[in-house]
Amino acid sequence: MTEFDPEQFEDKYANYFTELQRAYKNAFESMNDQYDSELIHAIDQQILNESEPFYNSETDSFEIQLPENPTDRLTAIVVDDEKLQTVLETYVDELQKQHRRVLGLDNESEPKV
């Protein structure tokens, strides 16, 4: 794994595609272990498939930009709005954590492959 460069992250799909895939996969697996798999799969396929990760150098954090009206996009299953919002927020938090981990910005970095 190469050292994280915030400027290179601006062209993230050219420079960090593999790491982004791993972060999303790790987050999916973590969430799938903790929550209803149908809900997690629906969120992954209908909301997060249109999300964009960004690195904020001022706060040294990753932000996940969700598509407009994300909860309205979920049509695969019926779920209470409050539950959906709570699980989606947790999922986004997990994605941010996995981005930091996979890109080597925390103490629990992914092992180099």
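Placed above this text is the structure.
What this report covers is the structure whose coordinates are included nearby. (Residues numbered from 1 in each chain as written. Predicted model: local features only at pLDDT ≥ 70, side-chain atom pairs only at ≥ 80, totals over all residues. Heavy atoms only, no water.)

### Here we look at the pattern of salt bridges
Applying the stated rule across the entire model yields four salt bridges. In this structure, E52 engages K12 in a salt bridge whose closest nitrogen and oxygen atoms are separated by 3.5 Å. A residue pair is termed long-range when its members are at least 10 positions apart, and E52 in strand β1 (residues 52-56) and K12 in helix α2 (residues 12-15) qualify at 40 residues. For E52, a relative accessible area of 25% puts it in the partly exposed group. Residues K25 and E29 are paired through a salt bridge, measuring 3.2 Å at the closest nitrogen-oxygen approach. Of this pair, K25 and E29 both sit in helix α3 (residues 17-34), four residues apart, which is roughly one turn of the helix. Of the residues examined, E29 reaches a relative accessible area of 36% and is grouped as partly exposed. (Salt bridge = Lys/Arg side-chain N within 4 Å of Asp/Glu carboxyl O. Helix = DSSP H or I, 4+ residues; strand = E, 2+ residues; numbered from the N terminus. Buried < 20%, exposed > 50% of the residue type's maximum accessible area, 1.4 Å probe, protein only.)

### A word on helix α4 (residues 37-46)
Every buried residue belonging to α4 is among L39, I40, A42, I43 and D44, and all of these are buried. Where α4 is buried, its residues touch α3 and α5 (81-102). (Contact = heavy atoms within 4.5 Å.)

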